[in-house]
Amino acid sequence: MFKRISALLLAGLTAMAVASCGSSGGGTTSAGTDGGADSITMGFSQVGAESGWRTANTKSVQDSAKNAGITLKFSDAQQKQENQIKAIRSYIQQKVDVIAFSPVVESGWDTVLKEAQNAKIPVILTDRAVDSKDTSLYKTFLGSDFVEEGKKAGQWLVEEYKDTKDPVNIVELQGTTGSAPANDRKAGFAEVIQADPKFKIVASQTGDFTRAKGKEVMEAFLKSTPDIDVLYAHNDDMGLGAIEAIEGAGKVPGKDIKIITVDAVKDGMQALADGKINFIVECSPLLGPQLMDLAKKVVKGEQVPARVVTEETTFTQEQAKQVLSTRQY
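Below, the structure is looked at part by part. These figures come from a predicted structure and were not determined experimentally.

Some thoughts on the nonpolar core
Formed by 29 residues in total, the largest nonpolar core has its most connected members in Leu-173, Met-218, Phe-221, Leu-231 and Met-269. Those elements that place two or more of their residues in this core are strand E6 (168–174), helix H7 (211–224), strand E8 (230–233), helix H8 (236–248) and helix H9 (266–273). Sort the elements by how many residues they give to this core and H8 lands first, with 6 residues.

Some points on unusual backbone geometry
Positive phi, close to 70°, is recorded for Asp-127, a residue that is not glycine. Position of Asp-127 relative to the elements: it lies in the loop between strand E4 (123–126) and strand E5 (140–143). Positive phi values are uncommon outside glycine, yet Asp-263 reaches one of about 135°. You can see Asp-263 is positioned in strand E9 (residues 258–263).

Concerning the pattern of salt bridges
For the coordinates displayed, the defined rule picks out 19 salt bridges. Between Arg-89 and Glu-115 there is a salt bridge; the shortest N-O distance is 2.8 Å. You can see Arg-89 sitting in helix H3 (residues 81–93) and its partner Glu-115 sitting in helix H4 (residues 110–118), a full 26 residues away along the chain. Judged by its relative accessible area of 28%, Glu-115 falls in the partly exposed class.

Side note on helix H2 (residues 52–68)
Side chains three or four residues apart in an α-helix point the same way, a direct result of the helix having 3.6 residues per turn. Spanning 17 residues, H2 covers 24 Å between terminal C-alpha atoms, matching the ideal 24 Å at 1.5 Å per step. What H2 keeps buried is the set Trp-53, Arg-54, Ala-56, Asn-57, Thr-58, Ser-60, Val-61, Ser-64 and Ala-65. Where H2 is buried, its residues touch strand E1 (40–46), strand E2 (70–76), H8, E9 and helix H10 (288–299). Once H2 ends, the next one or two residues include Gly-69, with phi positive near 75°.

A look at the sheet that holds E8
Taken together, the 6 strands give an open sheet; going across it, the order is E7-E6-E8-E9-E10-E12, and neighbouring strands pair in mixed fashion. Looking at which strands have only one partner, the edges of the open sheet turn out to be strand E7 (199–206) and strand E12 (314–315). Looking at chain direction, strand E10 (residues 279–282) and E12 are connected through 2 bridges and run antiparallel. Considered in E12, the bridge of Val-281 is made with Thr-314.

Thoughts on H3
For H3, spanning 13 residues, the distance from its first C-alpha to its last is 19 Å, which sits close to the expected 18 Å at 1.5 Å a residue. Taken together, the buried positions of H3 are Gln-84, Ile-85, Ala-87, Ile-88, Tyr-91 and Ile-92. Down the axis of H3, the buried side of the element spans an arc of 160°, and every buried residue falls inside it. Along H3, the residues that are exposed and aim more than 90 degrees away from the buried face are Glu-82, Lys-86 and Gln-93. Among the residues trailing H3, Lys-95 stands out with phi positive, at a value near 60°.

Concerning the pairing of E2
Every other side chain in a regular strand lies on the same face of the sheet, so the side chains alternate between the two faces. When E1 meets E2, the two strands line up parallel, connected through 7 bridges. Bridge pairing links Phe-44 to Phe-74 in E2. Crossover connection from E1 via H2 to parallel E2: handedness right-handed.

Focus on the pairing of E8
Neither face of E8 is open: one carries Val-230 and Tyr-232, the other Leu-231 and Ala-233, and all of them are buried. For E6 and E8, the ladder comprises 4 bridges, and the chain directions are parallel. By the bridge assignment, Val-171 is partnered in E8 with Leu-231. In terms of strand pairing, E8 meets E9 through 3 bridges, oriented parallel. Residue pairing in the sheet places Tyr-232 in a bridge with Ile-260 of E9. Of the crossover connections in this fold, the one passing from E8 over H8 to the parallel E9 is right-handed.

Points about empty space enclosed by the protein
By the definition in use, this model includes 1 cavity of 30 Å³ or more. If you list the elements that add at least two residues to the lining of the largest cavity, you get H2 and helix H6 (180–193). Class assignment for the residues of the lining of the largest cavity results in 5 nonpolar, 2 polar and 6 charged.

What counts as what
- Residues numbered from 1 in each chain as written.
- Predicted model: local features only at pLDDT ≥ 70, side-chain atom pairs only at ≥ 80, totals over all residues.
- Heavy atoms only, no water.
- Core = buried A, V, L, I, M, F, W, Y, C linked by side-chain atoms within 4.5 Å.
- Buried < 20%, exposed > 50% of the residue type's maximum accessible area, 1.4 Å probe, protein only.
- Helix = DSSP H or I, 4+ residues; strand = E, 2+ residues; numbered from the N terminus.
- Salt bridge = Lys/Arg side-chain N within 4 Å of Asp/Glu carboxyl O.
- Expected span 1.5 Å × (residues − 1).
- Contact = heavy atoms within 4.5 Å.
- Pairing = 2+ DSSP bridges.
- Arc of directions from axis to C-beta.
- Right-handed = clockwise from strand over helix to strand, strands pointing away.
- 1 Å grid on protein atoms, 1.4 Å probe; cavity = no way out; pocket = protein on both sides within 12 Å on 5 of 7 lines; lining within 4 Å.
- Points joined across faces, edges and corners; volume = space filled by probe spheres on them.
- Nonpolar A, V, L, I, M, F, W, Y, C, P; charged D, E, K, R; others polar.

Below you can see the structure in the form of structure tokens.
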């Protein structure tokens with residue numbers, strides 16, 4: 001009798017153990033397994049939190065993942081490529097279903113992306129591109145056309161100064177050195193203004209996309225180059241920092257020095273409405289919903305476009321006043 005009871009007890013414990021193994025990690029089970037065909041885990045590596053744009057982008061990704069029922073493993077690279085590479089390798093080890101990231105810089109990704117490919121984990125680039133010649137290392141790139149953003153900034157400038165023949169001295173606050181938006185916004189702007197020799201970029205330096213650095217670099221520009229007509233900042237935050245420096249130097253932003261920025265975050269739009277910025281090229285951070293849709297498709301093995309461009313516009317001072325109250329970021 002004792003042996004019979006022991007056997008029954010052992011069988012019961014074995015059944016419990018099997019049940020526990022079958023239910024563990026149900027929320028992160030890979031799509032297509034017994035844990036549920038719709039269960040997807042995404043590893044997402046963010047550049048950092050260097051600007052209002054980036055904060056809004058992070059919130060969009062996090063909220064959209066929750067709404068889509070996707071488990072999100074999130075990491076902040078603090079604007080360091082080595083942190084992103086470490087995070088991606090961690091996601092590979094954890095066997096997530098899909099990896100998405102916004103690259104800090106364009107170069108140096110082939111090795112880690114090959115590791116993801118070998119692990120059969122699809123990769124989606126968001127917001128920023130990489131310069132890899134092997135485009136099979138990622139499934140798609142979702143984000144803005146940064147070259148076009150630079151062109152739009154240049155086109156406004158050309159139109160604004162079409163009736164003057166005097167030299168127009170421009171200073172440029174570039175984004176993070178080596179990053180896709182910095183490279184492309186610079187290239188697009190230069191392509192448009194180079195047709196007219198009166199436009200001269202007299203100083204150009206990185207402001208790392210931050211307000212503090214934008215202020216610091218603009219202060220240096222004002223000391224080294226007193227005759228500045230226009231500031232072109234690769235994002236709103238650097239432009240807002242530059243406004244502090246311009247006002248500190250006793251000049252009037254938007255009048256003494258005309259200002260063009262990119263992003264259209266709420267603080268930038270407020271400065272535009274107030275007349276301190278003259279023109280903003282929009283770059284929407286609300287990529288989350290599109291990213292989750294793409295993630296579901298690539299995990300299922302569906303074909304997706306190699307390039308998905310977000311729809312964006314531009315804003316004058318009057319247009320900013322009209323839409324400011326409805327801005328989501």
